[in-house]
Number of protein chains: 2
Amino acid sequence: MNYSRQRESIKEYLMSTQEHPTADVIYQHVKENYPKISLGTVYRNLTLLVDLGEVRKISTGDGTEHYDADTSAHSHYYCRCCHRVMDLEVTPSVDQILSASSAGLGTVEMASLLFTGVCKDCI
Amino acid sequence: MNYSRQRESIKEYLMSTQEHPTADVIYQHVKENYPKISLGTVYRNLTLLVDLGEVRKISTGDGTEHYDADTSAHSHYYCRCCHRVMDLEVTPSVDQILSASSAGLGTVEMASLLFTGVCKDCI
DNA sequence: TAGTAAAATAGTAATCATTACTGATTTATC
DNA sequence: GATAAATCAGTAATGATTACTATTTTACTA
(Lines give C-alpha, C1' and ligand atoms only; values in the text may rest on other atoms or scores of the structure.)
Protein backbone atom coordinates (compact mmCIF):
# COMPACT_ATOMS: atom_id res chain seq x y z
CA MET A 1 0.00 0.00 0.00
CA ASN A 2 1.35 3.40 -0.98
CA TYR A 3 1.32 6.58 1.03
CA SER A 4 -1.38 9.10 0.17
CA ARG A 5 -1.74 12.69 1.38
CA GLN A 6 -5.51 12.44 1.18
CA ARG A 7 -5.65 9.33 3.34
CA GLU A 8 -3.32 10.98 5.85
CA SER A 9 -5.54 14.04 5.99
CA ILE A 10 -8.67 11.95 6.55
CA LYS A 11 -7.01 10.14 9.41
CA GLU A 12 -5.66 13.37 10.91
CA TYR A 13 -9.07 14.96 10.88
CA LEU A 14 -10.65 11.88 12.46
CA MET A 15 -8.03 11.85 15.19
CA SER A 16 -8.50 15.54 15.89
CA THR A 17 -12.23 15.45 16.51
CA GLN A 18 -14.34 14.20 19.39
CA GLU A 19 -17.35 13.90 17.13
CA HIS A 20 -18.06 10.77 15.16
CA PRO A 21 -18.46 12.22 11.71
CA THR A 22 -20.11 10.68 8.66
CA ALA A 23 -18.26 10.29 5.36
CA ASP A 24 -19.81 13.48 4.08
CA VAL A 25 -18.80 15.54 7.10
CA ILE A 26 -15.26 14.19 6.79
CA TYR A 27 -15.33 15.12 3.11
CA GLN A 28 -16.39 18.71 3.91
CA HIS A 29 -13.54 19.11 6.38
CA VAL A 30 -10.76 17.49 4.38
CA LYS A 31 -11.81 19.63 1.42
CA GLU A 32 -10.56 22.68 3.31
CA ASN A 33 -7.00 21.39 2.83
CA TYR A 34 -7.53 19.43 -0.38
CA PRO A 35 -10.17 21.32 -2.34
CA LYS A 36 -10.09 18.80 -5.20
CA ILE A 37 -10.56 15.68 -3.10
CA SER A 38 -13.54 13.61 -4.19
CA LEU A 39 -16.14 11.94 -2.02
CA GLY A 40 -15.24 8.59 -3.55
CA THR A 41 -11.69 8.99 -2.26
CA VAL A 42 -13.05 9.58 1.23
CA TYR A 43 -15.17 6.45 1.07
CA ARG A 44 -12.39 4.31 -0.38
CA ASN A 45 -9.93 5.39 2.29
CA LEU A 46 -12.39 5.02 5.13
CA THR A 47 -13.03 1.44 4.04
CA LEU A 48 -9.28 0.88 3.87
CA LEU A 49 -8.65 2.37 7.31
CA VAL A 50 -11.47 0.30 8.81
CA ASP A 51 -10.03 -2.87 7.23
CA LEU A 52 -6.59 -1.99 8.62
CA GLY A 53 -8.17 -1.60 12.06
CA GLU A 54 -7.10 2.02 12.35
CA VAL A 55 -10.62 3.38 12.29
CA ARG A 56 -13.91 2.11 13.69
CA LYS A 57 -17.21 2.26 11.83
CA ILE A 58 -20.25 2.92 13.99
CA SER A 59 -23.65 1.84 12.67
CA THR A 60 -26.52 3.60 14.37
CA GLY A 61 -29.26 2.86 11.86
CA ASP A 62 -29.80 6.55 11.09
CA GLY A 63 -29.14 6.02 7.41
CA THR A 64 -25.44 6.83 7.33
CA GLU A 65 -22.33 5.40 8.93
CA HIS A 66 -20.24 7.21 11.53
CA TYR A 67 -16.48 6.90 11.89
CA ASP A 68 -14.15 7.05 14.88
CA ALA A 69 -10.34 7.00 14.96
CA ASP A 70 -10.36 6.00 18.63
CA THR A 71 -10.10 2.23 18.42
CA SER A 72 -9.71 1.67 22.15
CA ALA A 73 -12.41 -0.37 23.88
CA HIS A 74 -15.28 1.98 24.54
CA SER A 75 -18.97 2.32 23.77
CA HIS A 76 -21.18 4.90 22.16
CA TYR A 77 -24.25 6.85 23.03
CA TYR A 78 -26.49 7.76 20.13
CA CYS A 79 -29.11 10.50 20.27
CA ARG A 80 -32.05 9.50 18.05
CA CYS A 81 -33.01 13.17 17.96
CA CYS A 82 -29.91 15.05 16.79
CA HIS A 83 -28.18 11.91 15.46
CA ARG A 84 -24.98 12.71 17.30
CA VAL A 85 -22.74 9.93 18.59
CA MET A 86 -20.92 10.45 21.87
CA ASP A 87 -18.25 8.45 23.67
CA LEU A 88 -18.91 6.39 26.75
CA GLU A 89 -16.27 4.70 28.85
CA VAL A 90 -18.44 1.64 29.39
CA THR A 91 -17.01 -1.41 27.62
CA PRO A 92 -18.25 -4.86 26.76
CA SER A 93 -17.13 -6.96 29.71
CA VAL A 94 -14.62 -9.76 29.46
CA ASP A 95 -17.40 -12.12 30.53
CA GLN A 96 -19.62 -10.98 27.69
CA ILE A 97 -16.87 -11.38 25.13
CA LEU A 98 -15.84 -14.77 26.49
CA SER A 99 -19.44 -15.85 26.55
CA ALA A 100 -19.93 -14.74 22.96
CA SER A 101 -16.70 -16.52 21.95
CA SER A 102 -17.70 -19.77 23.62
CA ALA A 103 -21.18 -19.78 22.14
CA GLY A 104 -19.66 -21.62 19.19
CA LEU A 105 -21.08 -19.34 16.53
CA GLY A 106 -17.67 -18.39 15.15
CA THR A 107 -14.76 -16.06 15.78
CA VAL A 108 -15.34 -12.85 17.69
CA GLU A 109 -13.36 -10.04 16.12
CA MET A 110 -15.25 -7.09 17.47
CA ALA A 111 -17.71 -6.33 20.26
CA SER A 112 -19.73 -3.20 19.97
CA LEU A 113 -22.07 -1.70 22.52
CA LEU A 114 -24.41 1.12 21.56
CA PHE A 115 -26.79 2.99 23.81
CA THR A 116 -29.60 4.94 22.19
CA GLY A 117 -31.77 7.66 23.67
CA VAL A 118 -32.39 11.39 23.60
CA CYS A 119 -29.43 13.51 24.63
CA LYS A 120 -29.75 16.29 27.16
CA ASP A 121 -29.53 18.97 24.47
CA CYS A 122 -32.56 17.45 22.73
CA ILE A 123 -34.82 16.75 25.71
CA MET B 1 -54.02 3.38 14.10
CA ASN B 2 -56.12 0.95 12.09
CA TYR B 3 -55.69 -2.76 11.71
CA SER B 4 -53.99 -3.95 8.55
CA ARG B 5 -53.68 -7.50 7.24
CA GLN B 6 -50.35 -6.68 5.66
CA ARG B 7 -48.88 -5.36 8.91
CA GLU B 8 -50.17 -8.43 10.72
CA SER B 9 -48.57 -10.70 8.17
CA ILE B 10 -45.23 -8.90 8.43
CA LYS B 11 -45.26 -9.30 12.20
CA GLU B 12 -46.31 -12.94 11.99
CA TYR B 13 -43.48 -13.76 9.63
CA LEU B 14 -40.99 -11.94 11.83
CA MET B 15 -42.19 -13.82 14.89
CA SER B 16 -42.01 -17.15 13.09
CA THR B 17 -38.39 -16.93 12.01
CA GLN B 18 -35.11 -17.30 13.87
CA GLU B 19 -33.31 -15.34 11.21
CA HIS B 20 -33.04 -11.59 11.30
CA PRO B 21 -34.31 -10.74 7.86
CA THR B 22 -33.88 -7.53 5.89
CA ALA B 23 -36.86 -5.58 4.54
CA ASP B 24 -36.46 -7.21 1.16
CA VAL B 25 -36.40 -10.76 2.57
CA ILE B 26 -39.52 -9.96 4.59
CA TYR B 27 -41.11 -8.61 1.41
CA GLN B 28 -40.34 -11.83 -0.50
CA HIS B 29 -41.93 -13.96 2.22
CA VAL B 30 -45.03 -11.87 2.88
CA LYS B 31 -45.61 -11.78 -0.88
CA GLU B 32 -46.40 -15.50 -0.75
CA ASN B 33 -49.61 -14.66 1.15
CA TYR B 34 -50.19 -11.17 -0.24
CA PRO B 35 -48.88 -11.23 -3.81
CA LYS B 36 -49.81 -7.59 -4.37
CA ILE B 37 -48.04 -6.18 -1.31
CA SER B 38 -45.54 -3.48 -2.15
CA LEU B 39 -42.06 -3.01 -0.75
CA GLY B 40 -43.03 0.46 0.46
CA THR B 41 -45.75 -1.09 2.62
CA VAL B 42 -43.16 -3.37 4.19
CA TYR B 43 -40.85 -0.44 4.97
CA ARG B 44 -43.66 1.74 6.31
CA ASN B 45 -44.93 -0.98 8.62
CA LEU B 46 -41.47 -1.96 9.83
CA THR B 47 -40.85 1.65 10.84
CA LEU B 48 -44.22 1.69 12.60
CA LEU B 49 -43.55 -1.56 14.45
CA VAL B 50 -40.11 -0.37 15.51
CA ASP B 51 -41.61 2.90 16.80
CA LEU B 52 -44.24 0.93 18.71
CA GLY B 53 -41.45 -1.12 20.27
CA GLU B 54 -42.81 -4.38 18.86
CA VAL B 55 -39.86 -4.98 16.57
CA ARG B 56 -36.16 -4.30 16.92
CA LYS B 57 -33.99 -2.91 14.15
CA ILE B 58 -30.44 -4.27 14.03
CA SER B 59 -27.78 -2.18 12.31
CA THR B 60 -24.74 -4.18 11.32
CA GLY B 61 -23.22 -1.77 8.83
CA ASP B 62 -23.57 -4.23 5.95
CA GLY B 63 -25.62 -1.78 3.92
CA THR B 64 -29.08 -2.93 4.92
CA GLU B 65 -31.01 -3.10 8.17
CA HIS B 66 -32.08 -6.33 9.84
CA TYR B 67 -35.27 -6.80 11.85
CA ASP B 68 -36.15 -8.93 14.86
CA ALA B 69 -39.54 -9.46 16.52
CA ASP B 70 -37.85 -10.74 19.66
CA THR B 71 -37.62 -7.61 21.78
CA SER B 72 -36.35 -9.36 24.90
CA ALA B 73 -32.91 -8.35 26.17
CA HIS B 74 -30.39 -10.24 24.09
CA SER B 75 -27.44 -9.57 21.83
CA HIS B 76 -26.49 -10.43 18.31
CA TYR B 77 -23.64 -12.08 16.51
CA TYR B 78 -22.97 -10.86 13.01
CA CYS B 79 -20.94 -12.78 10.45
CA ARG B 80 -19.09 -10.31 8.25
CA CYS B 81 -18.77 -13.07 5.67
CA CYS B 82 -22.32 -14.36 5.05
CA HIS B 83 -23.96 -11.30 6.64
CA ARG B 84 -26.19 -13.44 8.81
CA VAL B 85 -27.28 -12.22 12.24
CA MET B 86 -27.63 -14.78 15.04
CA ASP B 87 -29.01 -14.55 18.55
CA LEU B 88 -26.83 -14.57 21.63
CA GLU B 89 -28.09 -14.80 25.17
CA VAL B 90 -25.48 -12.35 26.41
CA THR B 91 -27.08 -9.07 27.47
CA PRO B 92 -25.81 -5.62 28.33
CA SER B 93 -25.29 -5.78 32.10
CA VAL B 94 -27.27 -3.74 34.59
CA ASP B 95 -24.00 -2.05 35.52
CA GLN B 96 -23.34 -1.02 31.95
CA ILE B 97 -26.83 0.39 31.50
CA LEU B 98 -26.72 2.18 34.84
CA SER B 99 -23.31 3.53 34.02
CA ALA B 100 -24.53 4.79 30.65
CA SER B 101 -27.60 6.34 32.29
CA SER B 102 -25.57 8.12 34.93
CA ALA B 103 -23.05 9.47 32.45
CA GLY B 104 -25.39 12.43 32.06
CA LEU B 105 -25.54 12.33 28.27
CA GLY B 106 -29.32 11.87 28.17
CA THR B 107 -32.00 9.20 28.47
CA VAL B 108 -31.11 5.59 27.73
CA GLU B 109 -33.94 3.94 25.82
CA MET B 110 -32.07 1.07 24.30
CA ALA B 111 -28.81 -0.80 24.82
CA SER B 112 -27.53 -2.88 21.99
CA LEU B 113 -24.58 -5.21 21.95
CA LEU B 114 -23.29 -6.59 18.68
CA PHE B 115 -20.47 -9.08 18.20
CA THR B 116 -18.90 -9.34 14.78
CA GLY B 117 -16.73 -12.08 13.37
CA VAL B 118 -16.73 -14.97 10.92
CA CYS B 119 -19.27 -17.68 11.67
CA LYS B 120 -18.32 -21.36 11.71
CA ASP B 121 -20.03 -21.98 8.36
CA CYS B 122 -17.79 -19.34 6.77
CA ILE B 123 -14.45 -20.19 8.34
C1' DT C 1 -76.47 -2.71 6.26
C1' DA C 2 -75.15 1.37 3.57
C1' DG C 3 -72.50 6.00 3.99
C1' DT C 4 -68.57 8.37 5.36
C1' DA C 5 -63.99 9.95 6.95
C1' DA C 6 -59.57 8.48 8.24
C1' DA C 7 -56.00 5.24 7.57
C1' DA C 8 -53.59 2.17 4.75
C1' DT C 9 -52.33 0.34 0.30
C1' DA C 10 -50.11 -0.59 -4.46
C1' DG C 11 -47.45 1.25 -7.70
C1' DT C 12 -44.26 4.32 -9.12
C1' DA C 13 -40.99 8.09 -8.93
C1' DA C 14 -37.54 10.39 -6.31
C1' DT C 15 -33.77 10.66 -2.94
C1' DC C 16 -29.58 9.79 -0.95
C1' DA C 17 -25.60 6.97 0.68
C1' DT C 18 -22.36 4.26 -1.26
C1' DT C 19 -19.78 1.84 -4.96
C1' DA C 20 -17.87 1.17 -9.60
C1' DC C 21 -15.47 2.84 -13.50
C1' DT C 22 -11.99 5.45 -16.23
C1' DG C 23 -8.42 8.16 -17.76
C1' DA C 24 -5.05 11.24 -15.39
C1' DT C 25 -1.77 11.90 -11.46
C1' DT C 26 1.17 10.44 -7.72
C1' DT C 27 4.17 7.29 -5.32
C1' DA C 28 7.91 4.01 -4.85
C1' DT C 29 11.69 1.81 -7.05
C1' DC C 30 15.66 1.36 -9.93
C1' DG D 1 14.65 10.64 -14.73
C1' DA D 2 12.01 6.24 -16.42
C1' DT D 3 8.73 2.79 -15.18
C1' DA D 4 5.01 0.15 -12.99
C1' DA D 5 1.81 0.04 -9.43
C1' DA D 6 -1.16 2.58 -6.55
C1' DT D 7 -4.15 6.34 -5.98
C1' DC D 8 -6.87 10.03 -7.49
C1' DA D 9 -10.76 13.20 -9.38
C1' DG D 10 -14.76 13.15 -11.66
C1' DT D 11 -18.67 11.02 -13.00
C1' DA D 12 -21.98 7.34 -13.72
C1' DA D 13 -24.30 3.50 -11.68
C1' DT D 14 -26.32 0.89 -7.93
C1' DG D 15 -29.26 -0.21 -4.29
C1' DA D 16 -31.72 0.78 0.03
C1' DT D 17 -35.10 3.65 1.56
C1' DT D 18 -38.58 7.37 1.34
C1' DA D 19 -42.12 10.27 -0.86
C1' DC D 20 -46.16 10.81 -3.58
C1' DT D 21 -50.81 9.81 -5.41
C1' DA D 22 -54.89 7.77 -6.73
C1' DT D 23 -57.39 3.72 -5.03
C1' DT D 24 -58.89 0.49 -1.45
C1' DT D 25 -59.74 -0.85 3.27
C1' DT D 26 -61.02 -0.06 7.96
C1' DA D 27 -63.77 1.72 11.78
C1' DC D 28 -67.67 4.02 12.93
C1' DT D 29 -72.40 5.48 12.82
C1' DA D 30 -77.04 6.38 11.17
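Criteria and cut-off values
- Residues numbered from 1 in each chain as written.
- Chains lettered and ligands numbered in written order.
- Predicted model: local features only at pLDDT ≥ 70, side-chain atom pairs only at ≥ 80, totals over all residues.
- Heavy atoms only, no water.
- Near = heavy atom within 4 Å.
- Polar contact = N/O pair within 3.5 Å; in protein donor to acceptor, adjacent residues only side chain to side chain.
- Helix = DSSP H or I, 4+ residues; strand = E, 2+ residues; numbered from the N terminus.
- Nonpolar A, V, L, I, M, F, W, Y, C, P; charged D, E, K, R; others polar.
- Pairing = 2+ DSSP bridges.
- Contact = heavy atoms within 4.5 Å.
- Buried area = accessible area lost by both parts, 1.4 Å probe.
- Salt bridge = Lys/Arg side-chain N within 4 Å of Asp/Glu carboxyl O.

**Quick notes on the protein's contact with DNA strand C**
Okay, step 1: The immediate surroundings of DNA strand C are formed by 19 residues, with Tyr 43 of chain A together with Ser 4, Ile 37, Thr 41 and Arg 44 of chain B found nearest.
Okay, step 2: Counted by atom, the contact set of DNA strand C within 4 Å of the protein is 85% sugar and phosphate.
Okay, step 3: In this structure, Asn 2 of chain B approaches DNA strand C through a main-chain N or O atom, which is 3.1 Å from a phosphate oxygen.
Okay, step 4: Here Thr 41 of chain B contributes a side-chain N or O atom positioned 2.4 Å from a phosphate oxygen of DNA strand C.
Okay, step 5: Contributing elements (two or more residues each) for the surface near DNA strand C: helix 3 (39-52) of chain A together with helix 1 (5-16) and helix 3 (39-51) of chain B.
Okay, step 6: It is helix 3 of chain B that contributes the most residues to the surface near DNA strand C, three residues altogether.
Okay, step 7: Taken together, the residues that form the surface near DNA strand C break down as five nonpolar, nine polar and five charged.

**Some points on the pairing of strand 5 (residues 110-117) of chain A**
Okay, step 1: Strand direction decides the pairing type here: strand 3 (residues 75-79) of chain A and strand 5 of chain A, joined by four bridges, are parallel. If you follow Tyr 78 of chain A over to strand 5 of chain A, its bridge partner there is Thr 116 of chain A.

**Observations regarding the protein's contact with DNA strand D**
Okay, step 1: Surveying the vicinity of DNA strand D reveals 19 residues, the closest of which are Ser 4, Ile 37, Thr 41 and Arg 44 of chain A together with Tyr 43 of chain B.
Okay, step 2: By atom count, sugar and phosphate contribute 88% of the portion of DNA strand D lying within 4 Å of the protein.
Okay, step 3: In this structure, a phosphate oxygen belonging to DNA strand D sits 3.4 Å away from a main-chain N or O atom of Ile 37 of chain A.
Okay, step 4: In the model, a phosphate oxygen of DNA strand D is placed 3.3 Å from a nitrogen or oxygen of the Tyr 3 of chain B main chain.
Okay, step 5: Elements with a contribution of two residues or more to the surface near DNA strand D: helix 1 (5-16) and helix 3 of chain A together with helix 3 of chain B.

**Examining the interface of chain A and chain B**
Okay, step 1: Between chain A and chain B, the contact holds 37 residues from the first and 37 residues from the second.
Okay, step 2: With both chains or domains summed, chain A and chain B bury close to 2800 Å², and 57% of this area falls on carbon and sulfur atoms.
Okay, step 3: Area buried by chain A at its contact with chain B is led by Gln 96, Leu 105 and Phe 115 of chain A, which between them contribute 22% of it.
Okay, step 4: Where chain A packs against chain B, one counts two salt bridges.
Okay, step 5: Note that Arg 80 of chain A and Glu 109 of chain B form a salt bridge whose closest N and O atoms lie 2.7 Å from each other.
Okay, step 6: Where chain A packs against chain B, one counts 21 residue pairs in polar contact (both at pLDDT 80 or more).
Okay, step 7: Every element with two or more residues in the side of chain A that touches chain B is listed here: strand 4 (85-88), helix 4 (94-101) and strand 5 of chain A.
Okay, step 8: Of the residues forming the side of chain A that touches chain B, the biggest block, eight residues, is contributed by strand 5 of chain A.

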